[in-house]
Amino acid sequence: MKLLKHLVVLSAIFIFFTTTAHADYANSPTHWGFKKGVNEEPADAGKALDDMLGRMGALYKGDPAKKDIYLTFDNGYENGYTAQILDVLKKEKVPAAFFITGHYINSAPDLVKRMAAEGHIIGNHSWSHPDMTRISGERLAEELEKVREGTEKLTGIEHMSYLRPPRGIFSERTIHLANKEGYTHIFWSLAFKDWLTDQQKGWQYSYDNIMRQIHPGAILLLHTVSKDNADALEKAIQDLKARGYTFKSLDDLMMSQAFEENMLY
């Protein structure tokens, strides 16, 4: 009986320390969303989300006073259009970030290598695209590490800095856990329904959505599975440049954020 009591106490202590390590961070799932930008006014996620993301070092837009924009793509799987997108980026000398999954690493290794060789950022979109609020901290770390390891094997890049949560689902806890693994959450301030491969509407649909929502500091989310996006990209980039926008990388965004924070002290 004494042994049983000791085991119960030890179990209680173990549960306490393993479940309270992140107890200060809520795990209520949030589905990323915002009021879309219009007339070049920035998108707005609202004060509550702005405060939370600011507190936890996550980003969804840059400086609204600067006509800098950040082009990002989600790559869950390959649908035959990424090479065309890379061709446009190379021609227009535009940096981008590609958030890739384990499936993409296994099915399109040559494209991952090309992304890295042409100077683009490769971001982490998790190995198997789970709802991270529903998995353990150990599983979350494993999901990220498997993508990092797979990317390193293909490209030689050892470190990954940016995470886009699968399906845009997150919580304070998942951001905290990702931060511990060295990742910054990158959300977005410009997006539209472009991922349905059987409901493509033509390049004009993609172009119009981009130009309608664009704003200074925008982080654009496009899916590479979309033929509309691939066909619209060159004209969108050229016309945005003509309107005075400059395409910058997420590294530039992070450097500008760090500079602004340092200027406060």
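That block above? That's the structure.
Residues numbered from 1 in each chain as written. Predicted model: local features only at pLDDT ≥ 70, side-chain atom pairs only at ≥ 80, totals over all residues. Heavy atoms only, no water.

Participant: Where do I start with the packing of aromatic side chains in this structure?
Facilitator: For any two aromatic rings, the description comes down to two numbers: the centre-to-centre distance and the angle of the planes. In this structure the tally under the stated criterion is 10 aromatic pairs. Here Phe170 and Phe187 contribute two aromatic rings whose centre-to-centre distance is 4.7 Å and whose plane-to-plane angle is 55°, an arrangement assigned as tilted. Linking Phe170 in strand 6 (residues 169-170) with Phe187 in the loop between strand 7 (184-185) and helix 8 (203-213), this pair joins segments that are 17 residues apart in sequence. Residue Phe170 is classed as buried on the basis of its relative accessible area of 0%. Judged by relative accessible area, Phe187 falls into the buried class, the value being 0%. These aromatic residues form a ring-pair network of at least three members: Trp32, Phe34, Tyr60, Phe170, Phe187 and Trp188. (Phe/Tyr/Trp six-rings, centres within 6.5 Å; stacked < 30°, edge-to-face > 60°. Helix = DSSP H or I, 4+ residues; strand = E, 2+ residues; numbered from the N terminus. Buried < 20%, exposed > 50% of the residue type's maximum accessible area, 1.4 Å probe, protein only.)

Participant: How do you make sense of the nonpolar core when you look at a structure like this?
Facilitator: Considering soluble globular proteins, one finds that nonpolar side chains tend to be buried as a cluster. Membership of the largest hydrophobic core comes to 46 residues, with the highest contact counts inside it found for Leu71, Phe73, Leu89, Phe98, Ile100 and Leu233. Counting residues per element, this core draws most heavily on helix 9 (residues 227-242), which supplies 6 residues. In this structure Phe73 touches Ile85, Leu89, Ala96, Ala97, Phe98, Phe99, Leu222, Thr224 and Leu233, once residues within four positions along its chain are discounted. If you look at the next biggest cluster of nonpolar residues, it comprises 24 residues, including Trp32, Leu53, Ile186 and Ala191. (Core = buried A, V, L, I, M, F, W, Y, C linked by side-chain atoms within 4.5 Å. Contact = heavy atoms within 4.5 Å.)

Participant: Explain helix 6 (residues 137-155) here, please?
Facilitator: An α-helical turn contains 3.6 residues, so any two residues separated by three or four positions project in the same direction. Taking 1.5 Å of rise per residue, the 19 residues of helix 6 would be expected to cover 27 Å, and the 27 Å separating its terminal C-alpha atoms lies within 8% of that figure. Taken as a whole, helix 6 has its buried residues at Leu140, Ala141, Glu143, Leu144, Val147, Arg148, Gly150 and Thr151. Of the surrounding secondary structure, the elements contacted by the buried residues of helix 6 are strand 3 (97-100), helix 4 (102-107), strand 4 (121-124), strand 5 (162-163) and helix 7 (172-180). Downstream of helix 6 by one or two residues, Gly156 has phi in the positive range, about 85°. (Expected span 1.5 Å × (residues − 1).)

Participant: So what exactly am I meant to see when it comes to helix 9 here?
Facilitator: Here helix 9 contains 16 residues, and its C-alpha end-to-end distance of 24 Å stays within 8% of the 22 Å for a straight helix at 1.5 Å per residue. Within helix 9, the axis deviates most sharply at Leu233, by approximately 45°. Where helix 9 is buried, its residues contact strand 2 (68-75), helix 3 (82-92), helix 8, strand 8 (219-223) and strand 9 (246-248). Capping of helix 9 at its N-terminal end is provided by Ser226; its side-chain oxygen lies 3.3 Å from the backbone amide nitrogen of Asp228. The positive-phi residue at the C-terminal boundary of helix 9 is Gly244, with phi of around 95°. (Bend = angle between axes of the 7 residues up to and from the residue. Polar contact = N/O pair within 3.5 Å; in protein donor to acceptor, adjacent residues only side chain to side chain.)

Participant: Please explain the environment of Ser256 as it appears in this structure.
Facilitator: Residue placement: Ser256 occurs in helix 10 (residues 250-263). On the basis of relative accessible area, Ser256 is assigned to the partly exposed category, the value being 22%. Along the chain, Ser256 and Gly62 lie 194 residues apart, while their C-alpha atoms are 8.8 Å from each other. A distance of 2.7 Å separates the side chain of Ser256 from the backbone oxygen of Leu253, its partner in a polar contact.

Participant: What is the right way to look at the packing of helix 6 against helix 7 in this model?
Facilitator: In a pair of packed helices, the angle between the axes and the distance between the axes together describe the arrangement. Two numbers describe how helix 6 lies on helix 7: the axes approach to 10 Å, and their chain directions differ by 55°. Relative to helix 7, the element helix 6 lies oblique. Of the two elements, helix 6 crosses helix 7, and the hand of that crossing is right-handed. Counted together, Gly137, Leu140 and Leu144 of helix 6 and Arg173, Thr174, Leu177 and Ala178 of helix 7 form the full contact between these two elements. Among the residues making up the contact of helix 6 with helix 7, the classes are represented as 4 nonpolar, 2 polar and 1 charged. (Axes fitted to C-alpha atoms, helices over the stretch in contact; angles between N-to-C directions. Parallel < 35°, antiparallel > 145°, perpendicular 65-115°, else oblique. Left-handed = near helix turned anticlockwise from the far one by under 90°. Nonpolar A, V, L, I, M, F, W, Y, C, P; charged D, E, K, R; others polar.)

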